[in-house]
Amino acid sequence: MQFFDGQPTSAGSVSESAAHRHERVVERLLRLQRITAALAGSRTLTEIASTIIDQGMPALDAEVGVVAILSADGASLRNLGFKGVPVDTEEAWAEVPVDSPVPVAEAARTGAPIIVPTREERNARYPVLARVHGVEHGGAVAAFPLVLESRTVGSLGFCFPASRAFDDDDYAFILSIAQQCALAVERVRWHEVAEQEIAHRRASEEALRARERELTALVAELRQTQEALREADRRKDDFLAMLAHELRNPLAPLLNAVELIKAAGPPTPIVERARTIMDRQIGHMSRMVDDLLDISRISRGKITLSIERVDLVELARATALDYRSLLDARGVRFELALPSAPVWLHADPTRLAQAIGNLLQNANKFTDDGGSVRLSIAPHHPACGVVSVEVADTGIGMESAVLERIFEPFAQADQSLARSRGGLGLGLALVKGVVELHGGSVRAASAGLGRGAAITITLPLGAAASRAADARRAADARRAAASASSRRILIIEDNVDAADSLRMLLERRGHTVAVAHSGDDGVAAARMAPPDVILCDIGLPGAMNGYGVARLLRAESAMRKTLLVALTGYGQDDDRKLARAAGFDAHLTKPVAQAMLERLLAELAPLPETA
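Residues numbered from 1 in each chain as written. Predicted model: local features only at pLDDT ≥ 70, side-chain atom pairs only at ≥ 80, totals over all residues. Heavy atoms only, no water.

Draft legend 1. Broad picture of the overall build of the protein chain. Looking only at helices and strands, the protein chain features 18 helices and 20 strands. By sequence separation, contacts in the protein chain at least 24 residues apart represent 66% of the contacts at least 6 residues apart. Per element, the accessible surface of the protein chain, about 31700 Å² overall, is 56% carbon and sulfur. (Helix = DSSP H or I, 4+ residues; strand = E, 2+ residues; numbered from the N terminus. Contact = heavy atoms within 4.5 Å. Areas by Shrake-Rupley, 256 points an atom, 1.4 Å probe, with all protein chains shown as cover.)

What follows is the structure, given as structure tokens:
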């Protein structure tokens, strides 16, 4: 007598049992092969669960199969496949806590296989299963953890229709499919992670490409905006140049008329008063026109300084002389505090005088009648290498908010409706631009409204020029001697008032003057009687403008010694370059003060042969 699974058997039955076991082993091996092949092609966790359940249940004669995986935090189990139970049970148990009293939860929680061979033991350990299946249904259960490298990722379980004993083959088969299931689950998870990473990278790359497209579009838009701003700036400059030209044209004859009144002899008090008013207002308007153009040139970096050795003390004294009468007329006390010794700079004397003059003009504007203005120069210690020029007044003063922006273009200290002290708000901006071009700085200070203000320019010192004063006096003497000589002058100007008033002024100075009102007439007059000096407007009517006149006359040998002077309302740097390129020796911007014109004639114009 032989025993199998604790039961006595006969020799025949042992042989039959061995054959049946052999068949079962072969069948399970074939199912393991099919499971391996199916899992290799599985792309989702649901496919894996279906393969395990569909192949495992018939191989084990089970009536219920389930595959579940642990959540990321290990707190719950999600059923990937649940076969052999009612739909409502499948839905109710779609996800259960890992500490639930069911075999698959216990296997996942403990990491150890759970085998319950009898219905009674099952009902005792897991009463919930009895309520699900009923006491008359169901028997043994088996649940195995899905373990990968000592890490539990889920569990699988089978329920059987009755009690049964589990032999080594059952254990080995369930363990094999559990291991394959764990490997397949991990592979799919890694595949999902890789796909997510690829999708994330693709999304990132697409986002980067979209950002690049946005940036490209933004750069293109910025370039268009920049180009539009350049075009607007160019049009603004063109407008300012044309505006200056149109304003200067009527200013030129007005200034000439004032000079004629001055030269006509002792005037009546009324005439003198009218002449003074005209002179002052013409000067005021001329400064506004110049300021408007200069601030544009400074902002675009188109001002070129003519640097030379300059005595700052002498320059300040000369500038103060120009403004003293303006201050005296209003009863403003003007004080000069200048060093006795020269203070030498490397600077553009014209621009530096313009900066100091703007400060004096500003002080005059904001100082009430009877107040005081003080111009002082304070050389610092030689080691500092700088010198300060200060213009202080007892005027209306400034608030701190105004001090912060006073050097900005178009900034105004007087914001009242009357604007009795207003202007274009460019004077101090020009001062700042000119001083910074010289490598210096400027600052403003005020104790508050009604307590005056002080504006200080700080400039780098330059080496003293030996014999500079003697050379300047010698040059002045030469100019004085030359100015006494009469010259033959041709005026080419289409503005009749400007031409006639300038002719009368020059004739009163002893010069012989001819006038032409177009380029063609001017060229013909010059050829008929070659002059010593030609004062030529640029914007002439007809086919030949001033540049054409200059180019044509410069090509003729009889005109090689003639001084060609552009006398025009166009005063930008580009206009000066065009004048030089056309052959002009000098460029004067309307309105031109008589003294400036005389200096130019004395310095540059050749003396007549009879002199």
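Draft legend 2. Focus on a nonpolar patch on the surface. A contiguous nonpolar surface patch, about 220 Å² in accessible area, is contributed by Ile 115, Tyr 171 and Leu 175. Inspection of the secondary structure puts Tyr 171 in helix H7 (residues 168-263). (Patch = residues over 30% accessible without salt bridge, like charges linked within 9 Å, V, L, I, M, F, W, Y side chains within 5 Å. Salt bridge = Lys/Arg side-chain N within 4 Å of Asp/Glu carboxyl O.)

Draft legend 3. Up close: the nonpolar core. Ranked by internal contacts, the top residues of the largest apolar core, which has 39 residues, are Leu 312, Leu 375 and Ile 457. Those elements giving two or more residues to this core turn out to be helix H9 (312-328), strand S11 (344-347), helix H10 (349-366), strand S12 (372-379), strand S13 (386-393), helix H12 (427-437) and strand S15 (453-460). The leading source of residues in this core is H9, at seven residues. Once residues lying within four places of it in the same chain are set aside, the contact partners of Leu 375 are Ala 316, Ala 320, Phe 334, Glu 335, Leu 336, Ala 337, Leu 338, Ile 356, Leu 360, Val 389, Glu 390 and Val 391. (Core = buried A, V, L, I, M, F, W, Y, C linked by side-chain atoms within 4.5 Å. Buried < 20%, exposed > 50% of the residue type's maximum accessible area, 1.4 Å probe, protein only.)

Draft legend 4. Representation of H9. With 17 residues, H9 ought to run about 24 Å at 1.5 Å a step, and its terminal C-alpha atoms sit 23 Å apart, in line with that. The largest bend along H9 reaches roughly 35° and is located at Asp 322. Every buried residue belonging to H9 is among Leu 312, Val 313, Leu 315, Ala 316, Thr 319, Ala 320, Tyr 323 and Leu 327, and all of these are buried. Regarding H9, its N-cap is Asp 311, as a side-chain oxygen of that residue lies 3.1 Å from the backbone nitrogen of Val 313 further along. (Expected span 1.5 Å × (residues − 1). Bend = angle between axes of the 7 residues up to and from the residue. Polar contact = N/O pair within 3.5 Å; in protein donor to acceptor, adjacent residues only side chain to side chain.)

Draft legend 5. Summary view of the sheet that holds strand S17 (residues 512-516). Spatial ordering of the open sheet is given by S17-S16-S18-S19-S20, a layout of five strands whose pairing is parallel. Every interior strand has two partners, whereas the edge strands, S17 and strand S20 (586-589), have only one. With strand direction ignored, the average angle separating the axes of adjacent strands in the sheet is 20°. Bridge analysis of strand S16 (residues 488-492) against strand S18 (residues 533-536) gives four bridges, and the strand direction is parallel. Bridge pairing in S18 places Ile 492 opposite Cys 536. Contacting S16, S17 and S18, helix H15 (residues 519-528) crosses the sheet at an angle of about 165° to S16. Lying on the sheet, helix H18 (residues 594-604) is in contact with S16, S18, strand S19 (563-568) and S20; it crosses S20 at an angle near 175°. (Pairing = 2+ DSSP bridges. Axes fitted to C-alpha atoms, helices over the stretch in contact; angles between N-to-C directions.)

Draft legend 6. How the structure looks around the packing of aromatic side chains. Taken as a whole and judged by the stated rule, the model has three aromatic pairs. On the numbers, 6.3 Å between centres and 25° between planes, the contact of Phe 82 with Trp 93 is stacked. A residue pair is termed long-range when its members are at least 10 positions apart, and Phe 82 in strand S4 (residues 76-83) and Trp 93 in the loop between helix H3 (87-92) and strand S5 (95-97) qualify at eleven residues. Taking the relative accessible area as the measure of exposure, Phe 82 reaches 13% and is therefore buried. One residue, Arg 164, lies across the ring of Phe 160, its end atom 4.7 Å from the ring centre. (Phe/Tyr/Trp six-rings, centres within 6.5 Å; stacked < 30°, edge-to-face > 60°. Lys NZ or Arg CZ within 6 Å of the ring centre and 35° of its normal.)

Draft legend 7. Quick look at the confidence of the model for the protein chain. Per-residue confidence for the protein chain averages 80 on the pLDDT scale, and 82% of its residues sit at or above 70. In this model residues 414-421 is a low-confidence stretch, pLDDT under 50, and it forms twelve contacts with partners more than four residues away in sequence or in other chains. Counted against residues more than four places away or in other chains, residues 479-484, with its pLDDT under 50, gives seven contacts. (pLDDT = per-residue confidence, 0-100.)

Draft legend 8. Spotlight on helix H16 (residues 546-554). Gly 546, Tyr 547, Gly 548, Val 549, Ala 550 and Leu 553 are the residues of H16 that are buried. Residue Asn 545 occupies the N-cap position of H16, its side-chain oxygen lying 3.1 Å from the main-chain nitrogen of Tyr 547.

Draft legend 9. Representation of the pattern of salt bridges. Counted according to the given criterion, the structure contains 22 salt bridges. Between Arg 31 and Glu 27 there is a salt bridge, with its nearest N and O atoms 3.3 Å apart. One end of the pair is Arg 31 and the other is Glu 27, both in helix H1 (residues 11-40) and four residues apart, which spans about a single turn. One connected set of salt bridges, linked through shared partners, spans Arg 28, Arg 164 and Asp 170.

Draft legend 10. Broad picture of the pairing of S13. Pairing of S12 with S13, which is carried by seven bridges, proceeds in the antiparallel orientation. By the bridge assignment, Leu 375 is partnered in S13 with Val 391. Bridge count for S13 against S15 is eight bridges, and the pairing is antiparallel. Of the residues in S15, the one forming a bridge with Val 387 is Leu 459.

Draft legend 11. Structural view of the side chain of Glu 106. With respect to the helices and strands, the residue Glu 106 is situated in helix H4 (residues 103-110). Of note is the side chain of Glu 106, whose polar atom sits 2.6 Å from the side chain of Tyr 126. Beyond its immediate sequence surroundings of up to four residues, Glu 106 is in contact with Gly 111, Ile 114, Arg 125 and Tyr 126.

Draft legend 12. Structural context of the sheet that holds S5. Read across the open sheet, the six strands follow the order S5-S4-S3-S8-S7-S6; overall the sheet is antiparallel. The open sheet terminates on both sides in strands that have one partner only, identified here as S5 and strand S6 (114-116). Direction aside, the axes of adjacent strands within the sheet are offset by 20° on average. Sheet topology places S4 next to S5; three bridges connect them, and they run antiparallel. Of the residues in S5, the one forming a bridge with Leu 77 is Val 96. Taken strand by strand, H4 contacts strand S3 (64-70), S4, S5, S6, strand S7 (141-148) and strand S8 (151-159), and its axis lies near 155° from that of S8.

Draft legend 13. Just the pairing of S12, in detail. Taken together, the five bridges between strand S10 (residues 333-337) and S12 define a ladder with parallel strand orientation. Among the inter-strand pairings, Arg 333 is bridged to a residue of S12, identified as Ser 372.

Draft legend 14. Region of the structure containing the side chain of Gln 55. Structurally, Gln 55 is set in helix H2 (residues 45-60). Among the residues examined, Gln 55 registers a relative accessible area of 18% and is labelled buried. Each residue touching Gln 55, except ones within four places of it in the same chain, is listed here: Arg 31, Arg 34 and Ile 35.

Draft legend 15. Layout of the environment of Gln 594. On the secondary structure map, Gln 594 appears in helix H18. You can call Gln 594 buried: its relative accessible area is 3%. In the structure, Gln 594 is positioned 338 residues away from Asn 256 in sequence and 7.8 Å away in space, judged by C-alpha atoms. When residues no more than four places from it in sequence are discounted, the contact partners of Gln 594 are Glu 259, Leu 505, Leu 506 and Arg 509.

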